[in-house]
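Chain residues, written in single-letter form:
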Amino acid sequence: MAELKLSHIYKRYSGNVVAVTDFNLDIADKEFIVLVGPSGCGKSTTLRMIAGLEEISDGDLIIGSKRVNDVPPKDRDIAMVFQNYALYPHMTVFQNMAFGLKLRHFPKAEIEKRVHEAAKILDIEHLLQRKPKALSGGQRQRVALGRAIVREPQAFLMDEPLSNLDAKLRVQMRTEISKLHKRLQTTFIYVTHDQTEAMTMGDRIVVMKDGFIQQVATPQEIYNHPKNLFVAGFIGSPAMNFIQGTIKEEGGVLSFTANGISLTIPEGRHEILRQKGAINKPVILGIRPENIHDEPVYAQTYPGGVFEANVDVVEHMGSEMYLFMDVSGQQLTARIVARSDVKVGDRPKLTVDMSKLHIFDKETEESIF
Amino acid sequence: MIHLDTLSRTVDQRIRFVHQLPIEVRKIPLAELLEGYVYQEEVWHAFRTQRGVLYGIYQEHKLSHREIALIELLLLDYEESANRKLERWQQELIDAIHLPIEAYSERTKIEDLDAIHVPFAFPIVTIGLRPKDRQQASHFINEIKGIIASFAEGFDLTYHVVVEPTFVVCIIEWTEESKTLELSAETIASSIVDGMLREAFLEVRAVYAQEILDFNALVQTVRRMLFLALAAEGFQMEQPVIAIDGLGIHELLYSALPTLKKQYGLRVLPEEATKLLGVELEQTVMTFVENDLNMSETARQLYLHRNSLLYRIERIKEVTGYDIRRFSDAATVWAALLFHREGFR
Ligand SMILES: Nc1ncnc2c1ncn2[C@@H]1O[C@H](COP(=O)(O)OP(=O)(O)OP(=O)(O)O)[C@@H](O)[C@H]1O
Ligand SMILES: [Mg+2]
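Bear in mind the structure is a predicted one, so any value in this text is a computation, not a measurement. (Residues numbered from 1 in each chain as written. Chains lettered and ligands numbered in written order. Predicted model: local features only at pLDDT ≥ 70, side-chain atom pairs only at ≥ 80, totals over all residues. Heavy atoms only, no water.)

### Observations concerning the interface of chain A and chain B
Of the residues lining the interface, 32 residues belong to chain A; the matching set on chain B comes to 28 residues. Buried area between chain A and chain B, summed over both chains or domains, comes out near 2500 Å², and the portion from carbon and sulfur atoms is 59%. Its largest share of buried area at the contact with chain B, chain A owes to A:Tyr88, A:His90 and A:Leu103, together 21% of the area lost on that side. If you look at where chain A meets chain B, you find 5 salt bridges. (Contact = heavy atoms within 4.5 Å. Buried area = accessible area lost by both parts, 1.4 Å probe. Salt bridge = Lys/Arg side-chain N within 4 Å of Asp/Glu carboxyl O.)

### Regarding the domain arrangement of chain B
Residues and elements named next belong to chain B. The assigned domain composition of chain B is domain 1 (4-63), domain 2 (87-253) and domain 3 (256-342). Where domain 2 abuts domain 3, roughly 680 Å² becomes buried across the two surfaces, and 62% of that area is made up of carbon and sulfur atoms. When the area that domain 2 buries against domain 3 is broken down by residue, the three leading residues are Phe235, Gln236 and Leu253, summing to 71%. For the pair domain 2 and domain 3, the number of links is 0 salt bridges. Considering each element in turn, the side of domain 2 that touches domain 3 owes the most residues, 4 residues, to helix H9 (residues 249-254). (Domains from an automatic or database assignment. Helix = DSSP H or I, 4+ residues; strand = E, 2+ residues; numbered from the N terminus.)

### So, the nonpolar core
One finds B:Leu218, B:Val285 and B:Ile324 to be the most contacted residues of the largest nonpolar core, which totals 54 residues. Top contributing element to this core by residue count: helix H8 (residues 215-234) of chain B, with 12 residues. Counting contributing residues per domain, this core is built from domain 2 (87-253) and domain 3 (256-342) of chain B, each supplying no fewer than three. Apart from the residues within four sequence positions on either side, B:Leu218 is in contact with B:Leu93, B:Phe120, B:Ile124, B:Thr126, B:Ile171 and B:Ile212. Judged by nonpolar contacts, the second largest core, of 47 residues, contains A:Val81, A:Met97, A:Ala118 and A:Leu165. (Core = buried A, V, L, I, M, F, W, Y, C linked by side-chain atoms within 4.5 Å. Buried < 20%, exposed > 50% of the residue type's maximum accessible area, 1.4 Å probe, protein only.)

### Quick notes on the side chain of A:Gln214
Of note, A:Gln214 is situated in strand S10 (residues 212-217). Leaving out residues up to four positions away in the same chain, A:Gln214 has contacts with A:Val207, A:Met208, A:Lys209, A:Lys227, A:Asn228, A:Phe230 and A:Val231.

### Some thoughts on the pattern of salt bridges
Following the criterion strictly, the structure yields 31 salt bridges over all chains and no others. Across the salt bridge formed by A:Lys5 and A:Asp26, the nearest N and O atoms sit 3.3 Å from each other. One end of the pair, A:Lys5, is in strand S1 (residues 4-13); the other, A:Asp26, is in strand S2 (residues 17-27), and 21 residues separate them in sequence. Classification of A:Lys5 by relative accessible area gives partly exposed; the value is 37%. A:Arg48 is the partner of A:Glu54 in a salt bridge, and the nearest nitrogen-oxygen pair spans 2.9 Å. Taken as a pair, A:Glu54 and A:Arg48 share a single burial class, namely buried. Within the structure, one salt-bridge network assembled from shared partners comprises A:Arg104, A:Arg147, A:Arg151, B:Asp194, B:Arg198 and B:Glu199.

What follows is the structure in structure tokens.
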């Protein structure tokens, strides 16, 4: 159990590749931190620097209260679970879990105790005498976790541990890992490119892009208040809609105007727009698909948020449906209740929930609100 | 100190010792060989020693029970001298590794082969192991021995290790018994690599070869394994476990002369081009080639929209003149990228 502090961490490779730039993060004891971002953004590199598999080019890595940049990986007291775990095929589950402890010459009684405790936590006590061949995919994954647990490390590092599992098992193991975290009361640092995994598992999420941290916050905060265009587009499925346009002022009324659409900005937002000098400037409006509605009650609440769109495709998803629409050449997606009778080719009146609106500066791509 | 020929002299040359059995005899379970198995009018006898199994052949009825017991007794003495011999065969392998590797050569020649006694019986399986990061060599040596020892115990197989600071060869006797364990050289290699990563946090690359039948083949295999490990390292290949014949075209590219690599690499991808395109170039081309030039699969793996991938491909074409949707262009750029990775060494 430990706090981790990453302070101005850089990773440079030969040939001018900077994989990680000025990474700053304080991880609390027992926290579940998720690093998420597109391929090549530096998630694995960051994790590998924490593990010690990769040298830190610059900056300080502190575990507990000790700077560990130069501490050999196996003395950092952390355990790592990898994407491709190979259980030792000729050993039983027990031997697999005991292997690392035996290697470190732990006394036999201690090994027995730790393996049984871990097996109990993972609910695989009845499998201890089996060989990996005779286990299901989920059971194997649990044994792989067990091998890390018996070491009783200060922190667990996991790099896409679920990406080789099929979709159903992945969802199941996601919950298992969250439960495991609660039971073990240890710091977890988890890497994934899957934003759903990040949103459902993390206490806090670190969104990365091109080696830079974009935002660090709770899943809710990230979802509701993305700091910039990238985070807004990366988190959420289907992705947030973006429309390019301008903020216009007419007789004290501010509106967002783009090709074929004009929305009145609520008064509560005027001040921040003025403060940021966004008026008469190109901006990008962001609205999540579930914040576009077709029920008339929304039109009454937000008369300034009504617009019309051509429906190109309708996808039924059970309790809800997705509308893929075109507003003067800009593609929009709406996620509405399935009761609606909107059909392909219709031009319905839709309403944007103006309290859920986002505006981004087009130039800096930073969020204005 | 009793050598095998001395041993043989003790019983009037009525027994000779071999390390290699004819295929037919190799199929016989060890238990039967320990009893003495008759093949082509000769008795093939296995003697269990501390270092493995040693095979002796004698004509039926020419050795008495007492003589066999005597040999078994003397073999214990032989064990003592085996250490010296161990150094000798180990030296042969180390010398082989140190021959220059322009390309591994079939010509590797070893004089006086018959005189070398090896402390294990053929056939064998070999696994060559090398740290991915050479700076970790000292950790590597310290850790790998422990890991291999723990595995050998688990596998219940005989193992021997030849040590070079950055290259360790693990030799496993491949008896009938080991075959029944449903193990393969590949699974053992993967397990060792995985064990090193998880237990020692060291990344290791392994090259494995199955069923080596004699010492000459062993020496050549060891040389080839090192060559492949170096090629995989130079080209920064991701796969940590490589079959002895599993590197395909990389092998040929790696043996090209450095001057040629440089000329080619810089002609196809001049510095301006690589600078302009940045990391996207390598990421796009490598993933595209790995996925057989399949756009959708590549886009999926890079978490890109198909159109963004298309844009990247067009941009590469604009800057380099190569359209990587064509096989020959893709291969050309891919090879140049490998040479860039390697730094034209
Ligand atoms: N040994 C290396 N030499 C040069 N560049 C490297 C090396 N290893 C990684 N990189 C680069 O560093 C960047 C970050 O890589 P990293 O593996 O951390 O990405 P990631 O976020 O884990 O991506 P993915 O989701 O694909 O696993 C990439 O651009 C990659 O090409
Ligand atoms: Mg990664």
